[in-house]
Amino acid sequence: MNAASYVIPLPPQASLPVVGESGSYPVRRIWCVGRNYLEHIREMGNDERAPPFFFAKHADMLVPDGATIPYPPLTKDLHHEVELVVAMKSGGLNIPADKALDHVYGYAVGIDLTRRDLQIASRKKERPWEIGKSFDGSAPCSAIVPAAKIGHPAKGKIWLTVNGKEAQKGDLTELIWNVPEIIWQLSQQVKLAAGDIIMTGTPAGVSQLQPGDKLECGVDGVGTLKVSIGQPE
């Protein structure tokens, strides 16, 4: 179907740049893993023995490297969560862990911005997390680096600074569930496909952000990401 087949204009396709390529990576869905670094589980006071779970953000909530993100509405407690991002080139249901990396196109650095006060309020009422996790500008993400160039990172520093001061630091070896296991688990819940990206969890050190804050983060061997928090719209 072409654009004339629709009664309203087609929304733009969300996409991410690819390092070394002129073309972009089209994003279909954004999946996020909850509670996948032990120290972050401890700092949030959650059960260390519980397996991670998944929640989603909408693709149009992506924010590119270098952007200024308006401070979001309804919250007084915006937090940063730096994460390794996995970009899929294919998928399916019930993907075995030992075959999972065959479906990975590449990797990026992302931030799961979180309205922590709203997330906690929802959790106490046993309501979905969307109001705390899924909002405009909540998914800053760097350019994707193809796995064909860097392999599949399983170790290396993951870090984030706020206004030049270190806030988060960990290592990919500290992931409770590694990338193949995450893909295996998620593919039991939904049918994964090309264009899906997965944010794999955050290390300890999450903290409150204010308008004017400048964030820089990275994953060794993958890349870096810089964004700023602006004034509310």
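Going by the structure above, here's the rest.
If you're wondering where the values come from, they're calculated on a predicted model, not measured in any experiment.

*Asks:* Which residues make up the pairing of strand β3 (residues 29-34), and what values go with them?
*Replies:* In terms of residue burial, β3 counts as a mostly covered element, since five of its six residues are buried. Judged from the four bridges that link them, β3 and strand β15 (residues 196-199) form a sheet pairing that is parallel. Its bridge partner lying in β15, Trp31 is registered against Ile198. Across five bridges, β3 lies against strand β4 (residues 53-57) in antiparallel orientation. Paired with Gly34 across the two strands is Phe53, which belongs to β4.

*Asks:* Explain the sheet that holds strand β14 (residues 165-171) to me, using residue names and the numbers behind them.
*Replies:* One open sheet accounts for five strands, arranged β6-β18-β17-β13-β14; its pairing is mixed. With partners counted over all chains shown, the strands left at the sheet margins are β6 (68-70) and β14, one partner each. Here the average twist between neighbouring strands, direction ignored, is 20°. Two strands pair when backbone bridges link them, and strand β13 (residues 157-162) and β14 are joined in this way by six bridges, in the antiparallel orientation. The partner of Lys157 across the bridge, within β14, is Asp171.

*Asks:* Can you explain the environment of Pro26? Please cite residues and give values.
*Replies:* If you trace the backbone, Pro26 turns up in strand β2 (residues 24-26). Since its relative accessible area comes to 44%, Pro26 is described here as partly exposed. Once the C-alpha coordinates of Pro26 and Ile197 are considered, the two residues, 171 residues apart in sequence, prove to be 9.9 Å apart. The residues touching Pro26, leaving out its near neighbours within four places in the chain, are Gln13, Ala14, Ser15 and Gly195.

*Asks:* How would you explain the environment of Leu186 if you had to name every residue and give the values?
*Replies:* Within the fold, Leu186 resides in helix α5 (residues 179-189). C-alpha separation for the pair Leu186 and Ile198, spaced 12 residues apart in sequence, amounts to 9.4 Å. Ignoring any residue separated from it by four or fewer positions in sequence, one finds Leu186 in contact with Trp31, Phe54, Leu192 and Ile198.

*Asks:* Tell me about the packing of aromatic side chains, and name the residues and values.
*Replies:* Enumeration over the complete set of coordinates arrives at three aromatic pairs. Measuring from centroid to centroid gives 5.1 Å for Phe53 and Trp129, while their planes differ by 80°, and the two rings are edge-to-face. With a gap of 76 residues between them, Phe53 in strand β4 and Trp129 in the loop between α2 (116-124) and α3 (130-133) connect regions that are remote in the sequence. Overall, the relative accessible area of 28% leaves Phe53 in the partly exposed class. Residue Trp129 is classed as buried on the basis of its relative accessible area, which comes to 15%. Cluster of aromatic residues (ring-pair linked, three or more members): Phe53, Phe55 and Trp129. Over the aromatic face of Phe135 sits the side chain of Lys57, whose NZ or CZ is 5.7 Å from the ring centroid.

*Asks:* Account for the environment of Gly92, naming residues and giving values.
*Replies:* Along the polypeptide, Gly92 turns up in the loop between β8 (82-88) and β9 (104-111). Note: C-alpha distance between Gly92 and Trp184 (92 residues apart in sequence) is 9.9 Å.

*Asks:* How would you sum up the pairing of β15? Please name residues and give values.
*Replies:* Residues Asp196 and Ile198 line one face of β15 and the alternating positions Ile197 and Met199 line the opposite face, and both faces are buried. Two elements, β8 and β15, share three bridges in a ladder whose sense is antiparallel. The partner of Val86 across the bridge, within β15, is Ile198.

Each value, and the rule that gives it
Residues numbered from 1 in each chain as written. Predicted model: local features only at pLDDT ≥ 70, side-chain atom pairs only at ≥ 80, totals over all residues. Heavy atoms only, no water. Buried < 20%, exposed > 50% of the residue type's maximum accessible area, 1.4 Å probe, protein only. Helix = DSSP H or I, 4+ residues; strand = E, 2+ residues; numbered from the N terminus. Pairing = 2+ DSSP bridges. Axes fitted to C-alpha atoms, helices over the stretch in contact; angles between N-to-C directions. Contact = heavy atoms within 4.5 Å. Phe/Tyr/Trp six-rings, centres within 6.5 Å; stacked < 30°, edge-to-face > 60°. Lys NZ or Arg CZ within 6 Å of the ring centre and 35° of its normal.

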